[in-house]
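One letter stands for each residue in the lines below.
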Amino acid sequence: WGAAWDMTRDSELPATEFISLCSAALPRENDVAIFAKVVQYGVDHAIDRYLAPGQRRAAWQSLAAACRAALAGAREGSGGQLVAARGLIRCAGQDEAGWMRSWLDDPAAAPAGLVIDRDLRWAVHEQLAAHGAVSDQEIAAEYAGDRTLTGATHAARCRALRPDPEAKARAWAQLIDDDSLSGRLLAATADGFWRAGQDDVTGSYVERYVIDMPPMARRRVPDVAGQIARLAYPRYDVSDAAYARLSAMAASQELTPALRRELQDGNDDLARALAARALATRATGARAL
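The structure reproduced in this document is the subject of the present report. (Residues numbered from 1 in each chain as written. Predicted model: local features only at pLDDT ≥ 70, side-chain atom pairs only at ≥ 80, totals over all residues. Heavy atoms only, no water.)

**Remarks on the packing of aromatic side chains**
Aromatic rings in a pair are described by how distant their centres are and how their planes are angled relative to each other. Counted by the stated rule, this structure contains 10 aromatic pairs. With a centroid separation of 5.2 Å and 65° between ring planes, the pair formed by Trp-5 and Phe-18 is classed as edge-to-face. Here Phe-18 lies in helix α2 (residues 15-25) and Trp-5 lies in helix α1 (residues 2-9), a separation of 13 residues in the sequence. Pair check on accessibility: Trp-5 and Phe-18 agree, each one buried. Relative to Phe-193, the ring of Trp-172 lies with its centre 5.1 Å away and its plane at 50°, an arrangement referred to as tilted. In this pair, Trp-172 sits in helix α10 (residues 165-177) while Phe-193 sits in helix α11 (residues 183-193), placing the two residues 21 residues apart along the sequence. Given a relative accessible area of 0%, Phe-193 falls into the buried group. If you follow Lys-168 out to its NZ or CZ, it ends over the ring of Phe-193, 5.1 Å from the centre. (Phe/Tyr/Trp six-rings, centres within 6.5 Å; stacked < 30°, edge-to-face > 60°. Helix = DSSP H or I, 4+ residues; strand = E, 2+ residues; numbered from the N terminus. Buried < 20%, exposed > 50% of the residue type's maximum accessible area, 1.4 Å probe, protein only. Lys NZ or Arg CZ within 6 Å of the ring centre and 35° of its normal.)

And the structure:
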């Protein structure tokens, strides 16, 4: 797995081939930590960053099928069953809100042995929020039943995930100007702000990142500023235009050390994503011929 991922990240193996490997091998992967990490790589990087928009749906479906097969073959109540369920939730598309909601409304609708605890409920809410299938009121109601720091963190991420212009504007204002939130809640908000497929509501925020992050970084303490700069980096805007704009930003002499470090790391990852996407696009075109 490590070699396959390194090759994918370094544009030696098309991301489509990495997803094909996941489809074939994940249902037989017995190490729960490896399973979880591979699904994370598959969704957050290989699919959402290394594939062009037109390639993603088939890849999500392929990875979801692997998680579904692993879930069906897992022992009831086992860690393998739990990570397979989490993977299936993370791969779920907008048209799959029905079964996700059924798990929330009636835990008996979930596979036998799978406990729909608070963490799993929040995982479902986050995926629904990313698809615009859950409201602020529903997020607030879920948080009312989980008045813990963990619950507050998940609720903040859910609110930022919603593909709604007002939700994005509110989240961005919190990241830049709000001093009432803890570092943990700011991190959750930043982590939820960007999601692949939300370009219509986040496209303008590449420029906002360039304009707003330097004063934010000067105003906040370095640890918090660096965390926000890293998590709020527009990682899913894999385009030459975004890379050029963010590279120009990195050349500025007015950046704080914390912001400059996170920006350089983000730009390096974006360059890798551009190269990986180009490789996957060429590989798909070659197969079509």
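That was the structure; now back to the text.
**So, unusual backbone geometry**
Positive phi is not limited to glycine here, since Ser-11 has a value of about 60°. You can see Ser-11 is positioned in the loop between α1 and α2.

**Considering the side chain of Thr-256**
Within the secondary structure, Thr-256 is located in the loop between α15 (240-250) and α16 (257-288). Residues contacting Thr-256, with those up to four places away along its chain left out, are Ala-217 and Arg-218. (Contact = heavy atoms within 4.5 Å.)

**Overview of the packing of helix α4 (residues 53-73) against helix α5 (residues 79-91)**
The N-to-C vectors of α4 and α5 enclose an angle of 155°; their axes lie 8 Å apart at closest approach. When the interaxial angle is binned, α4 and α5 end up roughly antiparallel. Both α4 and α5 take part in a crossing whose hand is left-handed. From α4, Trp-60, Leu-63, Ala-64, Cys-67, Arg-68, Ala-70 and Leu-71 reach across to α5, where they touch Gln-81, Ala-84, Ala-85, Gly-87, Leu-88 and Cys-91. Residues of the contact of α4 with α5, tallied by class, amount to 10 nonpolar, 2 polar and 1 charged. (Axes fitted to C-alpha atoms, helices over the stretch in contact; angles between N-to-C directions. Parallel < 35°, antiparallel > 145°, perpendicular 65-115°, else oblique. Left-handed = near helix turned anticlockwise from the far one by under 90°. Nonpolar A, V, L, I, M, F, W, Y, C, P; charged D, E, K, R; others polar.)

**A few points about the environment of Glu-17**
For Glu-17, the location among the structural elements is in helix α2. Assessed through its relative accessible area of 32%, Glu-17 is described here as partly exposed. Sequence separation between Glu-17 and Ala-280 is 263 residues, and the spatial gap between their C-alpha atoms is 8.5 Å.

**Quick look at the side chain of Asp-212**
Among the secondary structure elements, Asp-212 is positioned in helix α13 (residues 205-219). Exposure remark for Asp-212: the relative accessible area of 14% places this residue in the buried category. For Asp-212, the residues in contact, after removing those within four places along its chain, are Trp-172 and Ile-176.

**Things to note about the packing of α1 against α2**
Angle between the axes and distance between the axes: these two values describe a pair of packed helices. With their axes 9 Å apart at the nearest point, α1 and α2 run at an angle of 160° to one another. Taken together, α1 and α2 sit at an angle that is classed as roughly antiparallel. Handedness of the α1/α2 crossing: left-handed. Together, Ala-4, Trp-5 and Thr-8 of α1 and Ala-15, Phe-18 and Leu-21 of α2 make up the contact between the two elements. When the residues that make up the contact of α1 with α2 are grouped by side-chain class, the tally is 5 nonpolar, 1 polar and no charged.

**Remarks on α13**
Helix length check: α13 (15 residues) gives 20 Å between terminal C-alpha atoms against 21 Å at 1.5 Å per residue, within 8%. Residues of α13 that are buried: Tyr-205, Val-206, Tyr-209, Val-210, Asp-212, Met-213, Pro-214, Met-216 and Ala-217. (Expected span 1.5 Å × (residues − 1).)

In short, geometric facts, not functional conclusions.
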